[in-house]
Every structure is written in structure tokens, then in C-alpha cells.
Amino acid sequence: MPRLHRAFALIGLLLLGQSAAAEKLRLVFDVWPPFTDETLANGGLATDIVSTALSRAGYASSYEQVPWARALLGIGEGRYDVLVNAWYNDERTRLGQFSGEYLLNRVRFLKRKDVPLEYNSLEELHTYPIAVVRGYAYSAPFDADTALQKVPVHNFAMAVRMLAADRVKLTLEDEYVARYYLARETPKVRNAVEFLPKPLSENSLHILVSLKNPQHEQIVAGFDREIAAMKADGSYDKLLRQHGL
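Here the structure is a predicted model, which means the values were calculated and not measured. (Residues numbered from 1 in each chain as written. Predicted model: local features only at pLDDT ≥ 70, side-chain atom pairs only at ≥ 80, totals over all residues. Heavy atoms only, no water.)

**What about the overall build of the protein?**
Thinking step 1. Looking only at helices and strands, the protein has nine helices and nine strands in total.
Thinking step 2. Dimensions of the protein, computed from the C-alpha atoms along their principal axes, are close to 85 × 35 × 30 Å.
Thinking step 3. Carbon and sulfur atoms provide 54% of the accessible area of the protein, an area that totals close to 12,500 Å².
Thinking step 4. Between the averaged position of the 29 positive side-chain charges in the protein and that of its 29 negative side-chain charges there is a distance of 6 Å. (Helix = DSSP H or I, 4+ residues; strand = E, 2+ residues; numbered from the N terminus. Areas by Shrake-Rupley, 256 points an atom, 1.4 Å probe, with all protein chains shown as cover. Lys, Arg positive; Asp, Glu negative; His and termini not counted. Charge placed at Lys NZ, Arg CZ, Asp CG, Glu CD.)

This is how it looks when you write it as C-alpha cells:
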């Protein structure tokens, strides 16, 4: 009998292991420091917050860093379960279910310091070439304004260098992201540009859970619940401090 009990116990452990493996979520993000970057501690601030909240909700996870377009495609096709860093737009609801807000991004324009440029409305910017990262959503009015002269680029580093070289008149990015990259640019680039005082938008950051995952509603509910709990118990603020924010 003891041997039989041990056999049943072993089978039970194997089944539990298979169940746990089935629950392991495949997280994906693009390079967006300080929020997401596999070279940073725990994949960056956003990845750390997301994986911690999911772990508290009972989901183990692993993450992969890929270009933005591939990340979105993978969520739509179900190759990934969770996109870590998504701003809301209606089109993406066809691919996945959004969580509630877990971070807030403040998007600001940058210009050359030697160019006297201000704005109060987007219409005032129609005459200026603006470097934008291909595939990003900045704000609904900005994204929908076809009169803006948008110059697609691969990343913010490319955009700010084009700005410093006077190849475009403006670019824009989340303020924390921009400051992260500017700190790593040459003094020639860093000292040539500055933020406009008026922000374009404040965008809430969400996870986007693939609709191909049959548990997407439960995953989002668990994530939202644990984010609220982390804010209440102080662990959310602790993660911010650990990442220097």
C-alpha cells in the first residue's frame, strides 16, 4: 500500500506540474526603457510590475523582447499571451482585452532649442515635420489628424537625432522615456533639444491579453485585483523606487 500511495502522489505531482506549465503566461514587449527592456533589472519597470501582479494572481510567466509590430501580431495570433506595454486604442481590442491602468505616461513634444516654437492646438503644428515611431499610438486626436506631417522612424533615438540635425522640427515621446534616452545621447544631441511645456496627452498604460487565450477575462481580472492590492500594501511604490522613478 505505501508503494501505491507513493505512485498516486507521484502522479498527482506530475499533473500539478503540467497544470502549472499550462498556466505559464508568455509575456512580450518591445524595447522601451525604462519601462520595458530585457537588459534592465527584471525587464524594466513595467515588466517588473506586470510579472509581479500576475504572479500574485497565480500566474507564472516568462517574457520575450521583439519589435513592436511583431509583438502586436503575436498577440493577435495567440503566440503570446500578454503584451506588457500597451496604450489603449479601439483597433487593438480586436487583438486582446485591456486591463485597467497600471501606469501613466505623459507624452510631450520636443523641439530644437534654437527654434521659437509653441502650440496650443494641433492645427498650429500642421506645417512642421514631426518624427513619430512607426506603429505607436500617441493620442486619438494626434493619430487621427491626417494634416500633420508625420515622418515614421524606427525608434525615439533615431527621431531625436533627426531633430537635433534639423531634419524634422518636432518629435514626441513619454517624458520618462525621452529623458532616459537623452541621458545616453552625445552632448551635441542632448543639448540641442528641449521639451515644449504643453503635453500632448497623458496616456494610461495597460496590459493587453490575447483573445486567443481562453482565460483572458480571468487573467485581466486577477491582474487588476493585484495591482490595486499592490498599491494598497506599498509594494507598487517600492517597485517604482527600485527602478529610480
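Let's pick the thread back up.
**Describing the UniProt feature "domain: Solute-binding protein family 3/N-terminal" (unreviewed entry) in the protein**
Thinking step 1. The positions UniProt marks with the feature "domain: Solute-binding protein family 3/N-terminal" (unreviewed entry) are residues 28-245.
Thinking step 2. Spanning residues 28-245, this segment combines 34% helix with 27% strand, and its end C-alpha atoms are found 22 Å apart. (UniProt positions renumbered as here; feature names shortened; annotations may be inferred.)

**A few points about the confidence of the model for the protein**
Thinking step 1. When pLDDT is averaged across the protein, the result is 91; 91% of the residues are at 70 or more.
Thinking step 2. Confidence over residues 7-11 falls short of pLDDT 50; this stretch has zero contacts with residues more than four positions distant or in other chains. (pLDDT = per-residue confidence, 0-100. Contact = heavy atoms within 4.5 Å.)

**Some thoughts on the packing of helix α2 (residues 45-56) against helix α8 (residues 216-233)**
Thinking step 1. Two numbers describe how α2 lies on α8: the axes approach to 8 Å, and their chain directions differ by 105°. Relative to α8, α2 is oriented roughly perpendicular. On α8, the residues that touch Ile49, Val50, Thr52, Ala53, Leu54 and Arg56 of α2 are Ile219, Phe223, Glu226, Ile227, Ala229, Met230 and Asp233.
Thinking step 2. Of the residues assigned to the contact of α2 with α8, the class counts are nine nonpolar, one polar and three charged. (Axes fitted to C-alpha atoms, helices over the stretch in contact; angles between N-to-C directions. Parallel < 35°, antiparallel > 145°, perpendicular 65-115°, else oblique. Nonpolar A, V, L, I, M, F, W, Y, C, P; charged D, E, K, R; others polar.)

**Re the environment of Thr171**
Thinking step 1. When you line up the elements, Thr171 lands in strand β8 (residues 170-174).
Thinking step 2. Through-space distance from the C-alpha of Thr171 to that of Val132 is 6.3 Å; in sequence the pair is 39 residues apart.
Thinking step 3. Residues within four places of Thr171 in sequence aside, it is in contact with Arg108, Phe109, Leu110, Ile130, Ala131, Phe156, Ala159, Val160 and Leu163.
Thinking step 4. Only 2.9 Å separates the side chain of Thr171 from the backbone oxygen of Ala131, close enough to count as a polar contact. (Polar contact = N/O pair within 3.5 Å; in protein donor to acceptor, adjacent residues only side chain to side chain.)

**Structural notes on the packing of aromatic side chains**
Thinking step 1. In this structure the tally under the stated criterion is 13 aromatic pairs.
Thinking step 2. For the ring pair Phe29 and Tyr63, a centre distance of 5.4 Å and an interplane angle of 45° mean the geometry is tilted. Of this pair, Phe29 sits in strand β1 (residues 25-29) while Tyr63 sits in strand β2 (residues 61-65); the two residues are 34 residues apart in sequence, bridging distant segments of the chain.
Thinking step 3. Of the residues examined, Phe29 reaches a relative accessible area of 0% and is grouped as buried.
Thinking step 4. Of the residues examined, Tyr63 reaches a relative accessible area of 38% and is grouped as partly exposed.
Thinking step 5. Ring centres of Phe156 and Tyr181 lie 6.1 Å apart, and the angle between their planes is 50°; this geometry places the pair in the tilted category. Taken together, the residues Phe156 in helix α5 (residues 156-164) and Tyr181 in helix α6 (residues 175-182) connect sequence positions 25 residues apart. As far as the burial class goes, Phe156 and Tyr181 line up, both buried.
Thinking step 6. An aromatic cluster is present here, built from Trp32, Phe35, Trp68, Trp87, Phe109, Tyr119, Tyr136, Tyr138 and Phe142 joined pairwise through their rings.
Thinking step 7. Looking at Arg184, its charged tip hangs above the ring of Tyr180, at a distance of 3.6 Å from the centre. (Phe/Tyr/Trp six-rings, centres within 6.5 Å; stacked < 30°, edge-to-face > 60°. Buried < 20%, exposed > 50% of the residue type's maximum accessible area, 1.4 Å probe, protein only. Lys NZ or Arg CZ within 6 Å of the ring centre and 35° of its normal.)

**Focus: α2**
Thinking step 1. Taking 1.5 Å per residue as the helical rise, α2 with its twelve residues ought to reach 16 Å, and the 17 Å between its terminal C-alpha atoms agrees with that figure.
Thinking step 2. Three or more residues of α2 are buried, namely Leu45, Ala46, Thr47, Asp48, Ile49, Val50, Ser51, Ala53 and Leu54.
Thinking step 3. Positive backbone phi, at 100°, marks Gly58, one or two positions downstream of α2. (Expected span 1.5 Å × (residues − 1).)

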